[in-house]
Structure formats: structure tokens, C-alpha cells
Number of protein chains: 2
Amino acid sequence: MMKRYVTKTVTTLSLAGLMTASAVASVTMEKRQVPTPAGVSSSFAAIVDQKVYSMGIPTPSTTEEWLTAREMFDAPQAKVAIEAAERLGVNYERKSFAGVDTYFVTPKNVDSQYQDRWLVHIHGGAFVFGGDDAALREAIWMADGLNAKVISVNYRQPPEHPFPAAIDDAVAVWKELMKTQPAEKTAIFGTSAGGNLTLATTLKLKELELPLPGALFAGTPATDLKETSDSWITLQGLDPLGSRDGLIEAAFDVYAGETPLDNPLLSPVYGDVHDFPPTILISGTRDLLLSDTVRMHRTLRANNVDAELHIYDGQSHGDYIQGLIHDFPESDDAMAELSRFFENHLK
Amino acid sequence: MMKRYVTKTVTTLSLAGLMTASAVASVTMEKRQVPTPAGVSSSFAAIVDQKVYSMGIPTPSTTEEWLTAREMFDAPQAKVAIEAAERLGVNYERKSFAGVDTYFVTPKNVDSQYQDRWLVHIHGGAFVFGGDDAALREAIWMADGLNAKVISVNYRQPPEHPFPAAIDDAVAVWKELMKTQPAEKTAIFGTSAGGNLTLATTLKLKELELPLPGALFAGTPATDLKETSDSWITLQGLDPLGSRDGLIEAAFDVYAGETPLDNPLLSPVYGDVHDFPPTILISGTRDLLLSDTVRMHRTLRANNVDAELHIYDGQSHGDYIQGLIHDFPESDDAMAELSRFFENHLK
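Residues numbered from 1 in each chain as written. Chains lettered and ligands numbered in written order. Predicted model: local features only at pLDDT ≥ 70, side-chain atom pairs only at ≥ 80, totals over all residues. Heavy atoms only, no water.

The name given to chain A in an unreviewed UniProt entry is Alpha/beta hydrolase, with Vibrio chaetopteri as the source organism. Under the UniProt heading Sequence similarities (unreviewed entry), the note attached to chain A is "Belongs to the 'GDXG' lipolytic enzyme family." (UniProt positions renumbered as here; feature names shortened; annotations may be inferred.)

(A) Structural detail: unusual backbone geometry. Pro159 of chain A follows Pro158 of chain A through a cis peptide bond whose omega is 10°. At the junction of Phe163 of chain A and Pro164 of chain A, the peptide bond is cis and its omega measures out at 5° in the coordinates. Examined against the element boundaries, Pro164 of chain A turns out to sit in the loop between β6 (149-153) and α4 (165-177). With a phi angle near 75°, Phe127 of chain B is a residue other than glycine that sits in the positive phi range. By secondary structure assignment, the location of Phe127 of chain B is in the loop between β5 (118-122) and α3 (136-146). Residue Phe127 of chain B is classed as buried on the basis of its relative accessible area, which comes to 1%. (Helix = DSSP H or I, 4+ residues; strand = E, 2+ residues; numbered from the N terminus. Buried < 20%, exposed > 50% of the residue type's maximum accessible area, 1.4 Å probe, protein only.)

(B) Representation of the layout of surface pockets within the structure. Estimated volume of the largest pocket: approximately 370 Å³. Surrounding the largest pocket, 19 residues form its lining, Asp306, Ala307 and Glu308 of chain A together with Asp306 and Glu308 of chain B being those nearest its centre. Elements represented by at least two residues in the lining of the largest pocket include exactly α8 (290-302), β10 (307-312) and α9 (329-345) of chain A together with α8 (290-302), β10 (307-312) and α9 (329-345) of chain B. When its residues are assigned to classes, the lining of the largest pocket shows 4 nonpolar, 6 polar and 9 charged. (1 Å grid on protein atoms, 1.4 Å probe; cavity = no way out; pocket = protein on both sides within 12 Å on 5 of 7 lines; lining within 4 Å. Points joined across faces, edges and corners; volume = space filled by probe spheres on them. Nonpolar A, V, L, I, M, F, W, Y, C, P; charged D, E, K, R; others polar.)

(C) Just the pattern of salt bridges, in detail. Per the counting criterion, the structure on display carries 38 salt bridges over all chains. As a salt-bridge pair, Asp272 of chain A and Lys206 of chain A come within 3.6 Å of each other at their nearest N and O atoms. Here the residue Asp272 of chain A occupies a position in the loop between α7 (244-256) and β9 (279-284), and Lys206 of chain A occupies one in helix α5 (residues 193-207), the gap between them amounting to 66 residues. A salt bridge links Lys226 of chain B to Glu227 of chain B; the shortest N-O distance between them is 3.5 Å. Looking at Lys226 of chain B, the relative accessible area reads 41%, which means it is partly exposed. You can call Glu227 of chain B partly exposed: its relative accessible area is 31%. Each of Arg298 and Arg301 of chain A together with Glu308, Asp333, Glu337 and Arg340 of chain B takes part in one network of salt bridges that share partners. (Salt bridge = Lys/Arg side-chain N within 4 Å of Asp/Glu carboxyl O.)

(D) How the structure looks around the sheet that holds strand β5 (residues 118-122) of chain A. All names here are of chain A. Reading across from one edge, β3-β4-β6-β5-β7-β8-β9-β10 is the order of the 8 strands in this open sheet, with mixed pairing throughout. If you trace the sheet from one side to the other, it starts and ends with β3 (91-97) and β10, each paired once. Within the sheet, the average angular offset between the axes of one strand and its neighbour, ignoring direction, is 20°. Note: β9 against β10, 6 bridges, orientation parallel. Paired with Leu281 across the strands is Leu309, a residue of β10. Contacts from helix α3 (residues 136-146) reach β3, β4 (100-106), β5, β6, β7 (187-191) and β8 (215-219), with the element oriented near 35° to β4. Strands in contact with α4 are β3, β4, β5, β6 and β7; relative to β6, the strand with the most contacts, it is inclined by about 145°. (Pairing = 2+ DSSP bridges. Axes fitted to C-alpha atoms, helices over the stretch in contact; angles between N-to-C directions. Contact = heavy atoms within 4.5 Å.)

(E) Geometry of α8 of chain B. All names here are of chain B. The terminal C-alpha atoms of α8 lie 18 Å apart, and with 13 residues this matches the ideal 18 Å at 1.5 Å per residue to within 8%. Of all 13 residues making up α8, 12 are buried, and the element is well covered by its neighbours. Restricting attention to buried positions, one finds in α8 the residues Leu290, Ser291, Asp292, Thr293, Val294, Arg295, Met296, His297, Arg298, Thr299, Leu300 and Arg301. (Expected span 1.5 Å × (residues − 1).)

(F) Inspection of the pairing of strand β7 (residues 187-191) of chain B at higher detail. All names here are of chain B. Of all 5 residues in β7, 5 are buried; the element is thus mostly enclosed. On β7, burial covers both faces: Ala187, Phe189 and Thr191 on one face and Ile188 and Gly190 on the other are all buried. Pairing of β5 with β7 involves 2 bridges; the strand directions are parallel. The residue bridging Val120 from the neighbouring strand is Ile188, located in β7. As judged from the 5 bridges shared by β7 and strand β8 (residues 215-219), these two strands associate in the parallel manner.

(G) Summary view of the nonpolar core. Counting residues in hydrophobic clusters, the biggest one holds 140 residues, and the most contacted among them are Tyr255 of chain A together with Tyr255 of chain B. The leading source of residues in this core is α7 of chain A, at 8 residues. Beyond its immediate stretch of four places on either side in the chain, Tyr255 of chain B contacts Phe127, Pro158, Pro162, Phe163, Ala166, Ile167, Leu197, Leu225 and Leu266 of chain B. (Core = buried A, V, L, I, M, F, W, Y, C linked by side-chain atoms within 4.5 Å.)

(H) Up close: the UniProt feature "domain: Alpha/beta hydrolase fold-3" (unreviewed entry) in chain A. Sites flagged by UniProt as "domain: Alpha/beta hydrolase fold-3" (unreviewed entry) map to residues 119-318 of chain A. Secondary structure across residues 119-318 of chain A divides into 34% helix and 16% strand, with the first and last C-alpha atoms of the span separated by 19 Å.

(I) Highlighting the sheet that holds β7 of chain B. Residue and element names in this part refer to chain B. Spatially, the 8 strands line up as an open sheet ordered β3-β4-β6-β5-β7-β8-β9-β10, and their pairing is mixed. Each edge of the open sheet carries a strand with a single partner, namely β3 (91-97) and β10. Direction aside, the axes of adjacent strands within the sheet are offset by 20° on average. Alignment of β3 against strand β4 (residues 100-106), held across 7 bridges, turns out to be antiparallel. Bridged to Arg94 within β4 is Tyr103.

(J) Representation of the packing of helix α2 (residues 63-88) of chain A against α3 of chain A within the structure. All names here are of chain A. Contact pair α2 / α3: the axes reach a minimum separation of 8 Å and the direction vectors enclose 25°. What the angle tells us is that α2 and α3 run roughly parallel. Here α2 runs over α3; the crossing is left-handed. Counted together, Gln77, Val80, Ala81, Ala84, Ala85 and Leu88 of α2 and Leu136, Arg137, Ile140 and Asp144 of α3 form the full contact between these two elements. Tallied by class, residues from the contact of α2 with α3 come to 7 nonpolar, 1 polar and 2 charged. (Parallel < 35°, antiparallel > 145°, perpendicular 65-115°, else oblique. Left-handed = near helix turned anticlockwise from the far one by under 90°.)

What follows is the structure, given as C-alpha cells:
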């Protein structure tokens, strides 16, 4: 049914309708003041108004500087996670599993469908940050929101352990889990670098001809570490993540080590995702990784993967997880989509 | 399963993780040069590089000025449409149907599933433009791409005929068509103002307790004529549509007439979309109506409507329709999604 059309004219069509050819290689966005988004809940608007648009972490160059930066990044997140666990009655146990450091996270009440099942979490944090207790933040949000049991992979990180250590750890956990769990009833999920690793681990499982998960959740995943996707530039200034230049680019490089950045296990948007499990992707219109997310959605759809895209207006990178500490309907809505998606596909 | 969390702290969590409270009501986006998107096809990149970022139409204030502006807007689009019809062998016949001016558009080959069915098209053009032969542009793109028969509603427009004339015309066509067609096998579709009217007409059909379509396609719909959704501001400079200030806002006002802009038939994002048909929405990361589109998607999902969102990286308002005259894979991909969606739901 699909056809190719012959290009007959260079007239650019749009609502404008009046455009004529005029080659430009870039466009100028003028400076502007952007008010709080009009289309979000009042409770999320209050969160937007409290944001500080700076990471406040200098770009490291030595191993020691990376470890200092990691401590700066992780400490407040770990504190938030541990307080949330206590407040919500979520239990967590740190233990070695298949020789990998992990957290077993169990909510106060486990839903009947999750009684004998574990969801696998791969934390975010630009590959170099977000481990140890900080990893619990999203794990707790999901465990509590879904009433599901979560194994969070506290994977080895650079600069000590660059690619592919993280993926190797996730694969080891998966193989061990498969001794007692049906793959089709198990999901893998993560946000940001964790979304990347969710996709990359699944590519690796395919390569190893291991059973694939029943579903994936890739939250605002970094899917192209080589090219700078458009929204990194267009949305700069709207996202507390700041910029790809500096810290983030350095983190991608120290994670990749000697491996070319367009390797699909580093940049899953270039991967062969044929036969991938159903995948749900979440991003926001103020998310620097919006382009990475929608590009991955197109790659999945082009391979006939059952992939769903949910975009929240005015949200920056990973904002939905703020539901862990703030009460706002958009976070509940995201959790409701995840709940439904897993319920439909993990069976 | 959903819970409400108690807000315990105002610390803002994100990848940054280090944010503290600091109330701001707006953020500053600095001036920047934005290169051609990295993640698009080379053929679409060439289209981006040819765009001119100006409507070139002054904002009218009198009826005469509106009619002059309409002529400026419509003439080149009509030319493109008629040339495309000839090139693609698409036939069109203008006729009165239920007393409404319409075009019956038939492709060279009609797919077996569309032999005895018509899809209803409601054209875009900020409510005041895009009628007569210009309306054929999207109708031809769809008729040819789906191998389907299309009735395009050449609805009455402001300033002569403000709201609700357009919706009344679409409803009249629908009622007439229902005398020979099963509703569940008929879709309504449109882009921009046509996306708005697709949704508004369906709200009106609900209100009238008439049978609803089997599926909707709302392409980058204007869903909030009252509030300025975020992307109108954040993405300004990236979309040839230009700005909401001036021509577009004036067009919304002259369309609405005396009716408050938050009336759901003007701003469907505020509508009661419970029991709406399955709906597919398409937008782009450089589309000034990205926020309007994703907000509508959330409204539909919150009412458990089977609604799908597809976002194309680097695309501005309605770029996918450029597949009518340019050969680029993203337009074919959008058509493939539409084809699959209608095939799944119109039965």
C-alpha cells in the first residue's frame, strides 16, 4: 500500500503555504521569557516554578573528580530515596545476585499479579551517577505505584568500569532471574541512562539468544550518544539537566571508553530492534531528551514493535518520577499508563 | 491501584538531583542557532533547509482584508493540490452534499477495504483559510496514500460564517453519509484547524446522540484556542507557522465570534471525550502545536480512549503532508501508521 512520491517541486508546503526555496543550514531562535506552562496541573506548575536550572556540578576530567561529582550527585538523591522508603513503607534489601550488587525492593502491599514476579530496574544518572542508594528512587516509585516487586541492578559504573560492564551486570541478573521467572511475565525498565540500558540490555539479550522480557519501559531514554538530537539544542534553558555540552558529553565519553559511540549497545536508536518486546516510552515537551525518545519510538515502530509514546506537556527530563515526593496528577497518570501497559503485556 | 502521595519536601528531583526551592515564574531561553536536525532522513533535512520562516501575510482586521489574506494563503496551496491530483491520477468532483459544498476525491486504485466506504476530511487553515481547491491538498495525500475515497467538507468560513457554521456543515455531511455508510467503518480526519474540527464535530455528534465514527485522525490539532499552550512559545522560530500573536490569534477570534474561547466545541481539550472513538494524533518536535497535541492525547487517555501519539523529530506544523510533493520516508511512515490504524479500527 505504501508508495514513493516523485519530488516535483521544491515549494515548501505547510499551513504557511507560501514558502519558496531558500537554502539555510540553521535557524535562529531569539531570546525569550517562557512562562509556566498553561496546560499543566496547578500542582505541577508549582513544581516547575521551584526548579533551579543548573546542575551545579563541574565537568570532571580525572577519576578522582568523577568520584567527587558522583558523591555530589548521588547524596541528595539517596536521602530522598531512603526517606521515601520509610514514608511509604517500602522495604529494600541490598544483596549480591548472580555476583552483581542489587537491591530487592518490595512494597507494603504486593498486587496479586506481582506476587511471584520481579520487575528489573536499571537506574539512570548519565551512566556514571545514580547508583547505590540513589538507585532506589525510581525503584521505590515503581514498586509503590504498581504494588510490584523490583530488583534494581546496582551495575558497575565508569570511570572504574566503562561499557560494557553495566550491560554485562544487567544480563547476569536477567539470566539468574530466568532460572525462576518466566521471561514473558518480567519487564525491564529505567529512565534516562537507565532507559538506554534497558534498550541496550534487550539488544544484548537478543544477540545472546536469551529469552526477552514481556515488556519494556524506557523513560526519556538517551538513545543516541553520538549525534546531538535536536531537542538538546531547541529546548535548552527549559530543562534543569542543562546542556549536553560539558558534564553530560563527558559522562557519555567516559562510559563509552574505546567503543565507537554509534555502536548500537551505546546508541540503541541504531540497533536492530526487530522482534523487540512491547515498549512504553515517556517524555515531556521540555525534556532535552524528547528527540532521543521520539526517534527511538519511530525506530521501534518502523520494525513493527508494539511501542507506545506518552508525552507530558511542560515536563523536563524525568519529571514524572517526582511523583515520589510531590503529589501531582501527571505523575499518577504516568503510573496509570505503566500499570495498564504491564497488565496488558506481562501475561 | 493509583495512590496520592503526600508532599513532604520541595526539593526538586531530576537527573540534576540537587535542586532547592527558588520560586521563578518564568525561565529565559537564550538566543541560539539551531542546525538541521541530526535525527531525520537526508531527504527531510533538505526540506528543512529550504523552509522560509515567515507567513508573509499581514494580520487582517476588516472582512475585505481577510478575503485578501485568504486569497494569498489559498492560491499556492490550490495550485499544488491540482498539480498533485493530475500527477497522481486522483480524481475529484465538487458537489453539493446535504446542502454543503464538498469534494468527492477518488484515487486511481481503491483498496478493497475502501470500495464501498468514504472517509470524511475536514481541511485546515486556521479556520479562515485552506478551503475550495486548497482543501484538496490533504484530501489527495490521504486518498492516494491509503487508496481510499475521501469526502472533503468545504465548510463555510469566517469572517462571513463564524462558529459554529463549520461544525454544522460537517455534521450535515455526516448525517447524510450515515444514510448509506456504517458509522463504525467511517473515519473523520483533518490537520491543524481541521484536527480541531475533527474533534469538535465528534463532540457535537455525541451531543446530538448521533452514531460516532469508527476512528479519528487529528493531525497536530489546535485544541486550546483560549490558553497559549507552551510550545507556541518554546518552539517559536523553528516553525514556519511563525507565532500565535497576530494572524493566528486574529483568525481564532474571528472564527469564535461571540462564543467564549474555552467552549469545548472551540477548544476540544476541555471537552467531555468519554466514549470517543479510537484516535491517532501526529505532531513533530518543532511543531508550534506540539503542546496542544500532547495535551489532547492526555485528555483522551484520561478518559480511557484508545488514543495513539506519533511524534516526528524535527517536523514543524503539518510537515508530514509534504509527502504529497516531496519524497521522504517520514511522510511514508506517517501514512503507514494511518493505514494500519484505520485497518485495525474501521471494522
